[in-house]
Amino acid sequence: MAAYTVVMENLKERAEFMKESMHKSQTITDNMISILGSFDHRLSALETAMRPTQIRTHSIRKAHENIDKTLKVAESILAQFDLARQTEAKILRGPHEDLESYLEAVNQLRSIVKFFSSTKGLKSSIGMINHASNLLAKSVLKLEEEFRQLLTSYSKPVEPDRLFDCLPQSLRPSTGSPSKGDGTGMKEHQRSLETVVYHPPALIPPRILPLLHELAQQMIQAGHQQQLYTIYKETRSSVVEQSLRKLGVERLGKEDVQKMQWEVLEAKIGNWIHFMRISVKLLFAAEKKVSDQIFEGQDSLKDQCFAEVTANSVAVLLSFGEAIAKSKRSPEKLFVLLDMYEIMRELQSEMDIIFGSKYCSEMREAAKVLTDRLAETAQETFVDFEEAVEKDATKTSVLDGTVHPLTSYVINYVKFLFDYQSTLKQLFGDADDGNSKDQLGVITTRILQALQSNLDGKSKQYKDPALTQLFLMNNIHYIVRSVRRSEAKDVLGDDWVQIHRRVVQQHANQYKRISWSKILQTLSVQGVSTAGSGSFTGEVTSSNSGISRSTVKDRFKTFNMLFEEIHQRQSQWTVPDSELRESLRLAVAEVLLPAYRSFIKRFGPMIEGGKNPQKYIRYTPEDLERMLAEFFEGKTWKGP
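Residues numbered from 1 in each chain as written. Predicted model: local features only at pLDDT ≥ 70, side-chain atom pairs only at ≥ 80, totals over all residues. Heavy atoms only, no water.

Participant: Tell me about the overall build of the protein, residues and numbers included.
Facilitator: Each helix and strand in the protein was counted, giving 21 helices and 0 strands. Across the 640 residues in the protein, those meeting the buried criterion constitute 43%. Looking at the protein alone, contacts between residues at least 24 apart form 81% of all its contacts between residues at least 6 apart. (Helix = DSSP H or I, 4+ residues; strand = E, 2+ residues; numbered from the N terminus. Buried < 20%, exposed > 50% of the residue type's maximum accessible area, 1.4 Å probe, protein only. Contact = heavy atoms within 4.5 Å.)

So, in structure tokens, the structure goes:
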């Protein structure tokens, strides 16, 4: 109990203590709240007092920022003024000393004008803009003059030898004359076009082209495009024309062509073919590259300039082709017409590329018109040639019956045709339908038919019918042999060859019948009393009964006279083909010699026992064989 009382007392004391402590804490709290409230009041008063100072501080800070901005603007303006002074000094010195630095100064001057144009409110801006603009105008005039001088200094005509060096090896003239570079060489070239490479010359040094390009750009920016166009056209067109003149290109029209001898004209046509190839593949290609680089980014201007620079030169080249195409047609012109047509076809794709712009449309059209006109003239010349062959009335006669000049001329003509098979495909429009061989075969057949028709007429000029047959035999044989050894055989076919070989044999047989049937009759007993009843076989009757010695003598005398006359005449005739000549001699010998041997064997004894037998039996079979070997050798003609 006592313990309980003690505990309770303790608890009471503690409660009293806690109560007292809490009272003190509340008093402290109330005092603290009172102090804080007073402090808050003071802070509010202080803030109110500081507000004007804060406002003044913000204004000062903004003023400093504006001052900084103004200083920076002033610095940039001053920098532009300083740059303007430096640029003006460069501009006044001109572009000759340092073109690249000058071009940089011009660009800076433009930026200065742009800067002050965007800076409004400054009194000095207007004056600086006017001053800079005046300087810019002067600089452009100096640039224009610099462009002219630079372009002129490096625009020189190209020497022919330099152009020849740019050609493929197979087309380079051996003696420096372009006339040596056509003809056969050109035909060989046609067969290997895909293997040749052309290297157009650098007309202006590569290091100069970027400078000219930059100058051109500056002039265009300044609105001086027309001046640029005029300078470029006058300078470069003159140089291209001079290059062609140095090469040998002449302006020739139809009247000039008509006055020329064929040999001179043929050489000029060969040169023209060479000139066209050089001009398109080298000169014009190189000129296009120059204009493309100088006017890069200015498509319309570069195309217009290139067209103007080359227009006159193209016209000069094409005018000669037109003159040839319009000149009087003749057979010898066919192959040069085909050569000209070939080169125009060969160059067509490149001309379409090089002269592809709308400004070059007239040149493209002129080239196409020339190509079509050459094709038309060539086709008409084919017809003319066929008619000329058939109607050839030349008085040239071959007294010895050999191959007529007309025959060799026509055959060579036909052979040359086959060098142009691909060209003829294009010419007659058969490139895609597979009928080119048929077309060429038709042409060749018609020409050879015309030739044979003419030869038939010429053969009738001979008084001796045997010589008529020999003449036809020689000429038809020459035609057949030439066809067999040329590409014409593939076109005309084996049947044509076999048919005409039989024609040759027919004329040979006719010659033998006409020449030798009469003399063989003298060696035959048949028809002793009936002239002309003998046959070409030369058979001798098995019996000599009833034939007198005087008859035999007459036969020997007649034989000797006829053989000597034939020998005298026909040793002057000619069979130019050795194989045919030997074959014809052998055919005669195979008939004549056996008949003569048989006649001598059977009737010789009747003469040998009499007086002067050598008067009648003048020749041995061996003598005849030796004399037959002298036939058709073309000895000196003593009369028809």
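Participant: I'd like a description of the pattern of salt bridges, backed by residues and values.
Facilitator: Within this structure, the stated rule accounts for 26 salt bridges. The partner of Lys246 in a salt bridge is Glu159, and the shortest N-O contact between them spans 3.1 Å. Separated by 87 residues along the polypeptide, Lys246 in helix α7 (residues 225-247) and Glu159 in the loop between α3 (123-153) and α4 (160-165) bring together distant segments of the chain. A residue is classified by how much of its surface remains accessible, and Lys246, at 41% relative accessible area, is partly exposed. Glu159 gets classed as partly exposed once you look at its relative accessible area, which sits at 41%. (Salt bridge = Lys/Arg side-chain N within 4 Å of Asp/Glu carboxyl O.)

Participant: Outline the side chain of His404, supporting the account with residue identities and numerical values.
Facilitator: Tracing the sequence through the fold places His404 in the loop between α12 (361-391) and α13 (405-417). Among the residues examined, His404 registers a relative accessible area of 3% and is labelled buried. With sequence-adjacent residues up to four places away left out, His404 is seen in contact with Thr394, Thr396, Val398, Leu455, Lys458, Phe471 and Asn475.

Participant: Explain the side chain of Ser327 to me, and be specific about the residues and the numbers.
Facilitator: Considering the arrangement of structural elements, one finds Ser327 in the loop between α10 (299-326) and α11 (333-354). A polar atom in the side chain of Ser327 sits 2.7 Å from the backbone oxygen of Ile324. When near neighbours in sequence (up to four residues on either side) are disregarded, Ser327 contacts Lys254, Val257, Gln258 and Lys333. (Polar contact = N/O pair within 3.5 Å; in protein donor to acceptor, adjacent residues only side chain to side chain.)

Participant: For the nonpolar core, give the residues involved together with the corresponding values.
Facilitator: Ranked by size, the top nonpolar core spans 157 residues in total, and within it Phe147, Trp272, Ile294, Tyr511, Trp516 and Phe563 carry the most contacts. Here this core takes 15 residues from helix α9 (residues 262-294), the largest share from any one element. Excluding anything up to four places from it in sequence, Phe563 contacts Trp516, Ile519, Leu592, Leu624, Met627, Leu628 and Phe631. (Core = buried A, V, L, I, M, F, W, Y, C linked by side-chain atoms within 4.5 Å.)

Participant: Can you lay out the packing of aromatic side chains for me, pointing to particular residues and giving the numbers?
Facilitator: One pass over the full model with this rule turns up 21 aromatic pairs. On the basis of an interplanar angle of 50° and a centroid distance of 4.8 Å, the ring pair of Phe599 and Phe603 is categorised as tilted. Linking Phe599 with Phe603, this pair stays in helix α20 (residues 578-608), spanning 4 residues, or about one helical turn. For the residue pair Phe599 and Phe603, the accessibility class agrees, reading buried in each case. Cluster of aromatic residues (ring-pair linked, three or more members): Tyr511, Trp516, Phe559, Phe563, Tyr596, Tyr619, Phe631 and Phe632. In this structure, Lys288 packs its charged tip against the face of Phe306, placed 6.0 Å from the ring centre. (Phe/Tyr/Trp six-rings, centres within 6.5 Å; stacked < 30°, edge-to-face > 60°. Lys NZ or Arg CZ within 6 Å of the ring centre and 35° of its normal.)

Participant: Any details on the confidence of the model for the protein? Residues and values, ideally.
Facilitator: Put simply, the protein has an average pLDDT of 81, and 72% of its residues get 70 or more. This stretch, residues 70-76, has a pLDDT under 50; its non-local contacts, to residues over four places away or in other chains, come to 1 contact. Segment residues 179-194 is flagged for pLDDT under 50; beyond a separation of four residues in sequence, or across chains, it makes 24 contacts in the model. (pLDDT = per-residue confidence, 0-100.)

Participant: Describe the environment of Gln461, and please don't skip the residues or the numbers.
Facilitator: When you line up the elements, Gln461 lands in the loop between α15 (436-459) and α16 (465-484). Taking the C-alpha atoms as reference, Gln461 lies 8.4 Å from Ser397; in sequence the two are 64 residues apart.

Participant: Any details on α7? Residues and values, ideally.
Facilitator: Between its first and last C-alpha, α7 extends 33 Å over 23 residues, near the 33 Å set by a 1.5 Å rise per residue. Of the positions making up α7, those classed as buried are Leu228, Tyr229, Ile231, Tyr232, Thr235, Arg236, Ser237, Val239, Val240, Ser243, Leu244 and Leu247. After α7 finishes, the residue Gly248 shows a positive phi value of roughly 120°. (Expected span 1.5 Å × (residues − 1).)

Participant: Requested: an account of unusual backbone geometry, with residues and values cited.
Facilitator: For Phe632, which is not a glycine, the phi torsion comes out positive at approximately 65°. As for its placement among the helices and strands, Phe632 is situated in the segment after α21 (621-628).

Participant: Before we move on, could you go through the packing of helix α18 (residues 494-521) against α20 and cite the residues and values that matter?
Facilitator: Across the interface, α18 lies against α20 with an axial gap of 11 Å and an inter-helix angle of 25°. The pairing of α18 with α20 is recorded here as roughly parallel in orientation. By crossing handedness, the relation of α18 to α20 is classed as right-handed. Touching Ala508, Tyr511, Lys512, Trp516 and Leu520 of α18 are Leu584, Ala587, Val588, Val591, Leu592 and Ala595, all from α20. (Axes fitted to C-alpha atoms, helices over the stretch in contact; angles between N-to-C directions. Parallel < 35°, antiparallel > 145°, perpendicular 65-115°, else oblique. Left-handed = near helix turned anticlockwise from the far one by under 90°.)

Participant: Quick one: what's the story with the environment of Lys328, residue by residue and with numbers?
Facilitator: Mapped onto the elements, Lys328 comes out in the loop between α10 and α11. Residue classification places Lys328 among the exposed positions, given a relative accessible area of 65%. It is 7.7 Å that separates the C-alpha atoms of Lys328 and Gln258, two residues lying 70 residues apart in sequence. Non-local contacts of Lys328, meaning those with residues more than four positions away in its chain, are made with Gln258 and Lys333.

Participant: Explain the environment of Phe556 residue by residue, including any values.
Facilitator: Note that Phe556 resides in helix α19 (residues 549-570). With 34 residues separating them in the primary sequence, Phe556 and Thr522 have C-alpha atoms 7.7 Å apart. When sequence neighbours within four positions are dropped, the list of residues in contact with Phe556 reads Tyr596, Phe599, Ile600, Ile607, Tyr616 and Ile617.

Participant: Break down the packing of α19 against α21 for me, with residues and values.
Facilitator: Running from N to C, α19 and α21 point in directions that differ by 20°, and their axes come no closer than 11 Å. By the criterion of interaxial angle, the relationship of α19 to α21 is roughly parallel. Note on packing geometry: the crossing formed by α19 with α21 is left-handed. Residues Phe559, Phe563 and His567 of α19 form the contact with α21, whose participating residues are Leu624, Met627 and Leu628. Partitioned by chemical class, the residues of the contact of α19 with α21 number 5 nonpolar, 1 polar and no charged. (Nonpolar A, V, L, I, M, F, W, Y, C, P; charged D, E, K, R; others polar.)

Participant: Quick one: what's the story with a positive patch on the surface, residue by residue and with numbers?
Facilitator: A contiguous patch of positive charge, built from Lys415, Arg484, Arg485 and Arg501, is present on the exposed surface. Exposure remark for Arg501: the relative accessible area of 40% places this residue in the partly exposed category. (Patch = residues over 30% accessible without salt bridge, like charges linked within 9 Å, V, L, I, M, F, W, Y side chains within 5 Å. Areas by Shrake-Rupley, 256 points an atom, 1.4 Å probe, with all protein chains shown as cover. Lys, Arg positive; Asp, Glu negative; His and termini not counted. Charge placed at Lys NZ, Arg CZ, Asp CG, Glu CD.)

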